[in-house]
Amino acid sequence: MSAPLLLLDGASMWFRSYFALPSSITAPDGRPVNAVRGFLDTVANLISRERPARLVVCRDDDWRPRWRVDLIPSYKAHRVLQESPGDDTPDVEDVPDDLTPQEDMIFALLDAFGIATAGAPGYEADDVLGTLAARERRDPVLVVSGDRDLLQLVADEPVPVRVLYLGRGMAKATKWGPVEVAEQYGVPVDRAGPAYAELALLRGDPSDGLPGVPGIGEKTAAALLAEYGSLTAIVAAAEDPSSSLPKAQRTRLRAAADYIERAGAVVRVATDAPVSFSTGSDRLPLAAADPRPVADLAAEFGVTSAVGRLQKALDELPD
């Protein structure tokens, strides 16, 4: 099997690093760099473990796209620190004050190394991950994230797409494919990825401000998908008086018909986002073209050891 394409959910990873490591980890000038160090160490670990030939760190160019909010106004509303003054600029997300500067440090280091980042105006990192995974026709894909929403990307064709879920940390990371998603959530294995998105739509997700269908929890949603195969078939059964769907579930689904119609585009990641890259290639460089800027940034941020571990992981890859 060819070396995998690693697609990293950048914000998810450095957010988790920020909370996993103490803020006492600082640069020489006193700035916290716990997220920077944790992110670099995680990337080095992933490279050593998965031995990719290509790697992309995917960005949240708009963490709360207006088109999703227009469909479901509660979408991520509880995370908004400040509303955008216009449709062309993202809302300001409520994140720790000392995390945002570390994101700039991470991007500076990635740029100095020549490691690709990718984003799309008006789209979230999930959509970038989904678009790049859907485009791939050559190498197996590994999506790395602490967000369960990305389980909807698992697939076997046209190339294997797996999700390395970091929800319990890197040491306990678990790799998910269609079989694992089907076994854990009771959805049809032949369309485990899309079915997981439909399950999430039905049950709701308070962390994203998605209400779900009242009275339809995860177990009921899974049972409906197992019986009918898809959300489209479930909705059709709710509208069909001759179907075997229980009356209570029929009533709930019909009452939520407007939500179900609007939520589809909110819950499902986009696979056609206008993705652009920071570099000309997603090929993982074995070393920076010019090591001096990397060394200078590493010294400035106080992460020389972490950068050294990343370079060591790159040195172990085949030419």
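Along each chain, numbering runs from 1 in the same order as the chain's sequence is written. Restriction of local features to residues with pLDDT of at least 70 applies here, the model being predicted, together with a cutoff of 80 or more for giving and counting side-chain atom pairs; totals for whole chains, interfaces and linings are based on all residues. Side-chain metrics rest on all non-hydrogen atoms present in the structure, leaving aside hydrogens and water.

Trainee: Which residues make up the overall build of the chain, and what values go with them?
Mentor: Where helices and strands are cited, they refer to DSSP runs of H or I of at least four residues and of E of at least two residues respectively, numbered from the N terminus. In terms of helices and strands, the chain carries 13 helices and nine strands. Only the C-alpha atoms count toward the radius of gyration. The rule for a globule is 2.2 Å times the residue count to the power 0.38. For 319 residues, the compact-globule formula gives about 20 Å, and the C-alpha radius of gyration of the chain, at 21 Å, lands near that figure. Summarising its shape, the C-alpha atoms of the chain cover approximately 70 × 50 × 35 Å along the three principal directions. Working definition: with a 1.4 Å probe on protein chains only, accessible area under 20% of the residue-type maximum means buried, over 50% means exposed, and in between means partly exposed. The burial tally for the chain puts 51% of its 319 residues in the buried class. Contacts are residue-level and defined by heavy atoms, with any inter-residue pair within 4.5 Å sufficient. Of the contacts formed within the chain by residues at least 6 apart in sequence, a portion of 68% connects residues at least 24 apart. Per-residue and other accessible areas were derived by the Shrake-Rupley procedure at a 1.4 Å probe size, with only the shown protein chains allowed to occlude residues. When the accessible area of the chain is evaluated, it comes to approximately 14500 Å², of which 52% is carbon and sulfur surface.

Trainee: Talk me through the layout of surface pockets; I want residue IDs and the actual numbers.
Mentor: Gaps left between atoms are located by rolling a probe of water-molecule size over the structure's atoms. Within this model, the largest pocket holds a volume of roughly 1200 Å³. Using a 1 Å grid laid over the protein atoms alone, points where a 1.4 Å probe fits but cannot get out form a cavity; open sets with protein on both sides within 12 Å along at least 5 of 7 lines form a pocket; any residue with an atom within 4 Å of a point counts as lining. Lining the largest pocket are 47 residues, and of these Ala-11, Asp-60, Lys-76, Arg-79 and Glu-93 lie nearest its centre. If you list the elements that add at least two residues to the lining of the largest pocket, you get helix H1 (10-20), strand E4 (92-93), helix H4 (100-113), helix H5 (125-135), helix H7 (192-203) and helix H11 (257-267). It is H1 that contributes the most residues to the lining of the largest pocket, five residues altogether. Amino acids are sorted into nonpolar (Ala, Val, Leu, Ile, Met, Phe, Trp, Tyr, Cys and Pro), charged (Asp, Glu, Lys and Arg) and polar (every other residue, Gly among them). A per-class count over the lining of the largest pocket returns 18 nonpolar, six polar and 23 charged. Grid points are joined across faces, edges and corners, and a volume is the space filled by probe spheres set on the points.

Trainee: Which residues make up helix H12 (residues 291-301), and what are the values?
Mentor: Turning to H12, its buried residues number three or more, namely Val-294, Leu-297, Ala-298 and Phe-301. For H12, the buried positions fall inside an angular range of 100 degrees around the axis, keeping them on one side. Directly beyond the C-terminal end of H12, a positive phi value near 70 degrees is found at Gly-302. In this description, the arc belongs to the directions extending from the helix axis to the C-beta atoms.

Trainee: Could you give an account of unusual backbone geometry, with specific residues and numbers?
Mentor: With omega at 0 degrees, the peptide bond leading from Glu-157 into Pro-158 counts as cis. Topologically, Pro-158 is positioned in the loop between strand E6 (141-145) and strand E7 (161-165). Despite not being glycine, Arg-51 has its phi angle at roughly 50 degrees, a positive value. With respect to the element layout, Arg-51 can be found in the loop between helix H2 (34-50) and strand E2 (54-58).

Trainee: How would you sum up the packing of helix H6 (residues 178-185) against H7? Please name residues and give values.
Mentor: With axes taken as lines fitted to C-alpha atoms, and helix axes fitted only over the stretch in contact, angles between N-to-C directions fall between 0 and 180 degrees. For the pair H6 and H7, interaxial distance at closest approach is 9 Å and the crossing angle is 35 degrees. Between H6 and H7 the crossing geometry is left-handed. Residues Pro-178, Val-181, Ala-182 and Tyr-185 of H6 lie in contact with H7, whose contacting residues are Ala-192, Tyr-196, Leu-199 and Arg-203. Split into classes, the residues belonging to the contact of H6 with H7 amount to seven nonpolar, no polar and one charged. For any helix crossing, the convention is left-handed if the near helix is rotated counterclockwise from the far helix by under a right angle, and right-handed if that rotation is clockwise.

Trainee: Explain the sheet that holds E6 to me, and be specific about the residues and the numbers.
Mentor: Taken in spatial order, the seven strands of this open sheet run E8-E7-E6-E1-E2-E5-E9, and their pairing is mixed. Looking at the sheet topology across the chains shown, the edges are occupied by strand E8 (174-176) and strand E9 (276-277). Examined bridge by bridge, strand E5 (residues 116-119) and E9 share two bridges and lie antiparallel to one another. Looking at the pairing, Gly-119 lines up with Ser-276 of E9. Its contacts with the sheet place H6 against E7 and E8, and it is angled at close to 100 degrees to E8. Two strands qualify as a pair provided that DSSP identifies no fewer than 2 bridges between them.

Trainee: Any details on the packing of aromatic side chains? Residues and values, ideally.
Mentor: Each aromatic ring pair is specified by the distance between its two centres and by the angle formed by the two planes. Stacked, tilted and edge-to-face pairs are distinguished by plane angle, under 30 degrees for stacked and over 60 for edge-to-face with tilted covering the rest, among Phe, Tyr and Trp rings (Trp via its six-membered ring) whose centres lie within 6.5 Å. Counted by the stated rule, this structure contains seven aromatic pairs. Here the aromatic rings of Trp-67 and Tyr-123 are separated by 5.7 Å at their centres, their planes lie at 55 degrees, and the arrangement is tilted. You can see Trp-67 sitting in helix H3 (residues 66-71) and its partner Tyr-123 sitting in the loop between E5 and H5, a full 56 residues away along the chain. Chaining the aromatic ring pairs together yields one cluster made of Trp-14, Phe-39 and Phe-107.

Trainee: Tell me about the nonpolar core, and name the residues and values.
Mentor: By nonpolar core we mean a set of buried residues, namely Ala, Val, Leu, Ile, Met, Phe, Trp, Tyr and Cys, connected to one another through side-chain atoms within 4.5 Å. Counting residues in each nonpolar core, the largest one holds 57 residues, and the members touching the most others are Leu-7, Val-143 and Val-181. No other element matches H7, which puts eight residues into this core. Leaving out residues up to four positions away in the same chain, Val-181 has contacts with Leu-151, Val-154, Trp-176, Gly-186, Val-187, Ala-192 and Tyr-196. Grouped together as the second largest cluster of nonpolar side chains are 45 residues, Leu-6, Val-33, Val-36 and Leu-40 included.

Trainee: Could you give me a rundown of the side chain of Asp-126, with the residues and numbers involved?
Mentor: Checked against the element boundaries, Asp-126 lands in helix H5. Residues within four places of Asp-126 in sequence aside, it is in contact with Asp-9, Asp-147, Asp-149, Leu-150 and Val-269.

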